[in-house]
Amino acid sequence: MRSNVHRLFFLLDYGRSFHGLADARSPPHVEHSRSDVTRPRFPPFEFWKRVCRVPRQLLEWYHIRPAVERINRPMSLSRPFGKAFSYPILFSLLGGLAGCDSEPPPQAAAESPAQRLPFNAIAFDVLADDIDGNGLLDLAFTTHHASYTQVFLQTSPRVFAPGPKIEEVGFHPGDLMRLPGEDPRLYLMNAEGVNALRVFEPGPGGSLGLVAQMNAPAPRVSAFFRWPDAGLGLAVAPFAQSTLLLIKDFKGATAARGLAYGLQLDSQLSQIHQVAAADLDGDGSDEILFPEPRSHRLNVVRAPSGDDVPTIEVLWTFEQGGMPRHIVVADADGNGTPDLLVPDEVATPSRRAQVNVLLNDGTGQLTPVSIPFPSTGENAKGVKGIRSIAFGQDEDGAGYLLAAAETHLALMRIPQGWSGEALESRILPFAPVGVIRKMLLVDLDGDGALDAVLGRTGSSDSGYILYGPLWDTFESMTAAGVPID
């Protein structure tokens, strides 16, 4: 592994990102603290759009583009092909502005263990957090393809009110994250398509207001980390680049930062699809972790000593063929220390897909075990692999692992003190073949039992919830022959 450190910002064609950073000839660790902040300005029309949710078709007809990237362009009410002004359409537009009470009503409480949410786009990411501060977890779904985020506020247990589409997340947004701290409550969007890290604060009715941004090359996923001299650190994985960006002393309210490093991977063909952070050895400093599919390795970046430059090391190498892309940090065996769960994206030539588990003894010593992915049979319609996993500890003290393939969900129960023994499992099939990129196991409705939140790839009702106790839910739905449709 090369220890060479490169500035991520001057690679390829991203010269317009992170203005003012040194070029490739500069020493790799001398970047000074600075604030790459763009204060967003919203035109009056953007305000009325948020309040009244004017039909988008009318906005596009009149060439009004309420996007942050084009806020300085003057608006025009002329028709695109220069014909006479259409007063009926103008009156329709004004009528839409006048009828500002068109927000969808909250959904009724779910009566069955399954509930759909009307997120009508392919779900790329989902975040669970108490966004409006009412004591109940809300859900924020992001679509990478349609380029918006939508918040569903939980107004009472299992009752959700959809908020407006938040297009200020930019073109092709990535993951949305809650920044640490309560005052103010802030959220970080990996705004890949606009080369920025954007910070938002909650507004009324499930809206999110843009408060600051920092330029960054195509950020798609990231993770917070803590090192003794780094304050709040941010590890960012750019899309389609063989680099990892490390930022020290990130200030959420202003998007200011301290030192920044760009660490290059071994191969120009390598990419990072997910990054995580955990203190594996109990020394007070997080290890930054990310799988590398092409090399079948799990890489680690440790806190450097003094003024040394951080480097990428190989923490573990998995069996060839599994193409690991994702990682979940969780206490799988219940010993109070973080373990690492890395699923196979595809089956290997010698076995079916499995979840690779590295059990941690608390000192950073890792013991490999595996969890074979339960299967209902051969899948002729798609790749035989694991698309997403989630882990949570339920009220009974057991850990639960949820894994998704293209044909079914598998729920596995992991007892306290587990060391690799075979696990009980429950399976729920999908009616059509589908892919779930993001899943969460959280107590969503506050009843003490874990619930499963799924971000699906359908074009409508892509938010899906299975309420707990999940072991009973899976068993009853399977017995009744109810698939996930």
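Note that the structure is a prediction, hence the values are computed from the model and not measured. Along each chain, the written sequence defines residue order, and numbers are assigned to residues from 1. Whole-chain, interface and lining totals are the exception, using all residues; otherwise, since this is a predicted model, local features are given only for residues with pLDDT of at least 70 and side-chain atom pairs are given and counted only at 80 or more. Only hydrogens and water are set aside; all other atoms, that is, all heavy atoms of the structure, feed into the side-chain values.

1. So, the side chain of Asp175
As a reminder, the rule being used: Helix and strand definitions follow DSSP, with helices as H or I runs of at least four residues and strands as E runs of at least two, each counted in order from the N terminus. By definition in these notes, contact holds between two residues if any of their heavy atoms fall within 4.5 Å.
Inspection of the secondary structure puts Asp175 in the loop between strand 7 (159-166) and strand 8 (176-178). Residue contacts for Asp175: discarding those within four places in its chain leaves Phe124, Asp125, Leu188, Met189, Asn190, Arg220, Val221 and Arg437.

2. Notes on the pairing of strand 18 (residues 287-292)
Just so we agree on the cut-off: Think of it in three bands: with a 1.4 Å probe and only protein chains considered, a residue is buried below 20% of the maximum accessible area for its type, exposed above 50%, and partly exposed in between. Think of it this way: DSSP has to see at least two bridges between two strands before they count as a pair.
Among the six residues in strand 18, six count as buried, and that is most of the element. A two-sided burial pattern is seen for strand 18, the buried positions comprising Glu287, Leu289 and Pro291 on one face and Ile288, Phe290 and Glu292 on the other. Relative to strand 18, strand 17 (residues 276-278) is paired through three bridges, and the arrangement is antiparallel. Across the sheet, residue Ala278 finds its bridge partner in strand 18, namely Glu287. Counted along the chain from strand 18 to the antiparallel partner strand 19 (residues 297-301), the turn is four residues long, and its residue His296 has a positive phi close to 60 degrees.

3. Topic: unusual backbone geometry
Pro469 follows Gly468 through a cis peptide bond whose omega is 5 degrees. Note that Pro469 resides in the loop between strand 31 (463-466) and helix 4 (470-479). Phi is positive for Ser147, close to 65 degrees, though the residue is something other than glycine. Judged by relative accessible area, which is 12%, Ser147 ranks as buried. Here Met323, not a glycine, exhibits a phi torsion of approximately 50 degrees, which is positive. Mapped onto the elements, Met323 comes out in the loop between strand 20 (312-317) and strand 21 (328-330). The class for Met323 is partly exposed, based on a relative accessible area of 26%.

4. So, the sheet that holds strand 4 (residues 125-129)
The condition is simple: In this description, a line fitted to the C-alpha atoms serves as the axis of each element, helices being fitted only across the stretch in contact, and the angle between N-to-C directions of two axes falls anywhere from 0 to 180 degrees.
The strand order 4-5-6-7 describes an open sheet built from four strands, whose pairing is antiparallel. Unpaired on one side and paired on the other, strand 4 and strand 7 mark the two borders of the sheet. Neighbouring strand axes in the sheet, compared pairwise and without regard to direction, differ in orientation by 20 degrees on average. In terms of strand pairing, strand 4 meets strand 5 (residues 138-143) through five bridges, oriented antiparallel. Its bridge partner lying in strand 5, Leu127 is registered against Ala140.

5. Description of the pattern of salt bridges
Our working definition: Should a side-chain nitrogen of Lys or Arg be within 4 Å of a carboxyl oxygen of Asp or Glu, the pair is scored as a salt bridge.
Across all of its chains, the model carries 17 salt bridges by this definition. The salt bridge partner of Asp175 is Arg437, with a shortest N-O separation of 3.6 Å. Of this pair, Asp175 sits in the loop between strand 7 and strand 8 while Arg437 sits in the loop between strand 28 (424-429) and strand 29 (438-442), and the two are 262 residues apart along the sequence. Look at Asp175 and you get buried, because its relative accessible area is 13%. The network of salt bridges with shared partners includes Asp129, Arg178, Glu182 and Arg185.

6. Some words on helix 4
Let me state the cut-off plainly: Each C-beta atom gives one direction from the helix axis, and the arc is the one those directions make.
Along helix 4, the positions that sit buried rather than exposed are Leu470, Trp471, Thr473, Phe474 and Met477. Around the axis of helix 4, the buried residues are gathered within 165 degrees of arc, so they sit on the same side. A positive backbone phi angle near 70 degrees is found at Gly481, which sits one or two residues after helix 4.

7. Topic: the sheet that holds strand 30 (residues 451-455)
Pairing within the open sheet is antiparallel, and its four strands lie in the order 3-31-30-29. Lying at the two open borders of the sheet, with one neighbouring strand each, are strand 3 (114-117) and strand 29. Between one strand axis and the next, the sheet turns through 15 degrees on average, direction left out of account. As paired elements, strand 3 and strand 31 share four bridges and run antiparallel to each other. Bridging from a neighbouring strand, Arg116 pairs with Tyr464 of strand 31. Sheet contacts for helix 4: strand 3, strand 29, strand 30 and strand 31; angle to strand 31, the most-contacted strand, approximately 100 degrees.

8. Thoughts on the side chain of Asp129
Quick reminder of the rule: Each polar contact in these results corresponds to two N or O atoms within 3.5 Å; when the atoms are within protein, one needs to be able to donate a hydrogen and the other to accept it, and residues that are neighboring in sequence are counted only if both atoms are side-chain atoms.
Within the secondary structure, Asp129 sits in strand 4. Judged by its relative accessible area of 12%, Asp129 falls in the buried class. Engagement of the side chain of Asp129 in a polar contact is seen with the side chain of Arg178, the distance being 2.7 Å. Once residues within four sequence positions are removed from consideration, Asp129 is found in contact with Leu136, Leu137, Asp138, Arg178, Arg185 and Tyr187.

9. Focus on the packing of aromatic side chains
Spelled out, the test is: Think of it this way: a Phe, Tyr or Trp ring, Trp meaning its six-membered ring, pairs with another when their centres are within 6.5 Å, and the plane angle makes it stacked under 30 degrees, edge-to-face over 60, tilted otherwise. The criterion is that NZ of a Lys, or CZ of an Arg, lies within 6 Å of the ring centre and within 35 degrees of the ring normal, and then a charge sits over that ring.
Summed over all chains, the structure comprises five aromatic pairs. Taking 4.8 Å as the distance between ring centres and 55 degrees as the angle between the ring planes, the aromatic pair formed by Phe225 and Trp227 counts as tilted. This pair shows no difference in class: Phe225 is buried, exactly as Trp227 is. The cationic tip of Arg413 hangs over the ring face of Trp471; the distance from NZ or CZ to the ring centre is 4.2 Å.

10. Considerations on the nonpolar core
Counted only if it meets this: Take the buried residues of types Ala, Val, Leu, Ile, Met, Phe, Trp, Tyr and Cys, join any two whose side-chain atoms come within 4.5 Å, and each joined set is a nonpolar core.
With 22 residues, the main nonpolar core has Leu402, Leu409, Met439, Leu454, Leu466 and Ile484 as its most contacted residues. When residues of this core are traced back to their parent elements, those giving at least two are strand 26 (399-404), strand 27 (408-414), strand 29, strand 30, strand 31 and helix 4. With four residues, the single largest contributor to this core is helix 4. Sequence-distant contacts of Met439, defined by excluding residues within four places in its chain, comprise Ser388, Ile389, Ala390, Leu402, Ala403, Ala404, Leu409, Val453 and Leu454. In terms of nonpolar packing, the next biggest core, distinct from the first, is built from 21 residues, Leu341, Ala353, Leu359 and Phe391 among them.

11. Describing the confidence of the model for the protein chain
If pLDDT is low for a region, its predicted coordinates should not be looked at in detail. Defined as follows: A score between 0 and 100, pLDDT records how confident the predictor is in each residue.
Taken as a whole, the protein chain shows an average pLDDT of 81; of its residues, 75% reach a score of 70 or greater. Low pLDDT (under 50) marks residues 1-102, which in the prediction has 189 contacts with non-local residues, meaning those over four places away or in another chain.

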